[in-house]
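# A closer look at the structure
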Amino acid sequence: MDILNLPVSLEKGRRSRGLVLINTMPDIRSGKRDDFMSGFFYFKGQNYLFRIWDKDVFEIILEFGPGIYVAETLGSDYNGPYLTVKSIDVYPGTEVTRDDFLGGIPREDLERRLAAIRASLDQLGVTASCWDLLDSVLADPRLEDRFMIEGAAIRHHDNVFGGLANHTLKMLNILRAVLENNPALRVSADLLVFSIFMHDIGKVFEYHNLEMGEFWFANHRVRGIEFLASLKDEVIRRYDESFYRQVQSVIAGHHGLYGDHPTTVAATIVHYIDVLESQTTELLREQLNTPGSKIRHPDFGFLQDIPLSEEES
Ligand SMILES: [Fe+2]
Ligand SMILES: [Fe+2]
C-alpha cells in the first residue's frame, strides 16, 4: 500500500485511501453535537489538518497513539482545506516505516552553509575564540551529535531532520546583515553568534528525532540554560562572567512576550531575528502547503498570498 498523497487528497470531495503518519497526539475538541478529533498527518516537514467526527472512528487513535495508519479520507473545506477521516486503522505492515515520512536536510549542505556564513561573519568581528568554544560545545557528548540532526519543531517551522541547524544558520545570515548595518554592534559579534547557537539548543533535549523527548515539559529555554550552566567555567575562562550572564539572558528571553520578557539588548535583538526567521519560513510554507487559499495569521487574520516559486524555500 502507498503513502497517501496528501496535497492531492485535500481536493474538495475527493475520496482517497493510503498510509498516513500521525506524529503528535491529536486533540479532542467539543463540537456542536459531539466531541471530535482534530489533528495532523505529517509528511516531510508539512502538516495536513484532519478531523474525525465519529467517536467510533477516532477511538483507535486514542488507544494506539502516534504512528502509521491506513486512512480513508474525504477532501473537505471549512475555513480552509482539511481531510475528513472516514475510517482509520493501524498499519499492520512493516515495509513502510516512519523514516519514509520524515524529511531532512542533508548534513553536508548544513556544514557547507556553516563554513560560508562563518567566513563572512569573521569579516564582521567574530573571533576564533568564539568558533573554538562553539566547536567544543557542539561536540559535547550530551548532545549526542544531534544539533545538526534534530528538528526545530514538531508542528511548526523547520520540523524536519536538520531543522534546528537550518533555523540557526538562517538566523546567522540575518545577523550578518544586522552587523553590516550597525558597526557599533560588531564588538559584541561573538556574544550574538554564540547566543544564536545556544538560544534553541535545548531542543536537542526537548525533542528526540522529531518526537517529544521524555522530559518535554521542561521547555527548551530551561534545558538550554541548564546545559549552558554545565559549561559555565569553560565560558568564563574564555570570556568573562558578563558574557556568560548575557548568553543566559538570551536563552531565557528569546521568546519575547511569549515567555520571560527580554532583559538585555542582546536578548531583544536575538528575539527579533528569531521571529523574522521563523515567521517568514512558516508563512511561506503555509502558502506553499495550501495554494490558492488564504493564509490565516493568528494575529492579523486572513492574508493575501504573494507570488512564490514552487522550489523548496
Ligand atoms: Fe525558542
Ligand atoms: Fe529559534
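The structure presented is a predicted model; accordingly, all values stated were derived computationally and were not measured.

With respect to the helices and strands, the residue Gly-75 is situated in strand S5 (residues 67-77). Between the C-alpha atom of Gly-75 and that of Arg-118, which follows or precedes it by 43 residues, the distance is 46 Å. Those residues in contact with Gly-75, other than ones at most four positions away along the chain, are Ser-9, Leu-10, Glu-11, Lys-12, Gly-13, Arg-14, Pro-81 and Leu-83.

All right, on to unusual backbone geometry then. Even without being a glycine, Asn-79 presents a positive backbone phi close to 55°. Within the secondary structure, Asn-79 sits in the loop between S5 and strand S6 (81-90). The phi dihedral of Asn-209 falls on the positive side, at around 50°, and the residue is not glycine. Residue position: Asn-209 is located in the loop between strand S7 (207-208) and strand S8 (211-212). A count of 13 C-beta atoms within 10 Å places Asn-209 in the partly exposed class.

Let us now look at the domain arrangement of the protein. Splitting the protein by domain gives domain 1 (6-100) and domain 2 (107-287). Each of domain 1 and domain 2 has a C-alpha centre, and these two points are 34 Å apart. Every contact between the two is made by six residues of domain 1 and, on the other side, five residues of domain 2. Split by residue class, the side of domain 1 that touches domain 2 holds one nonpolar, four polar and one charged.

This next bit is on the environment of Val-70. Among the secondary structure elements, Val-70 is positioned in strand S5. In the structure, Val-70 is positioned 53 residues away from Arg-17 in sequence and 7.2 Å away in space, judged by C-alpha atoms. Sequence-distant contacts of Val-70, defined by excluding residues within four places in its chain, comprise Met-1, Leu-19, Asp-89 and Tyr-91.

Scoring rules and cut-offs
Residues numbered from 1 in each chain as written. Chains lettered and ligands numbered in written order. Predicted model: local features only at pLDDT ≥ 70, side-chain atom pairs only at ≥ 80, totals over all residues. Helix = DSSP H or I, 4+ residues; strand = E, 2+ residues; numbered from the N terminus. Contact = placed C-beta atoms within 7 Å. Buried ≥ 20, exposed ≤ 12 C-beta atoms within 10 Å, placed from the backbone. Domains from an automatic or database assignment. Nonpolar A, V, L, I, M, F, W, Y, C, P; charged D, E, K, R; others polar.

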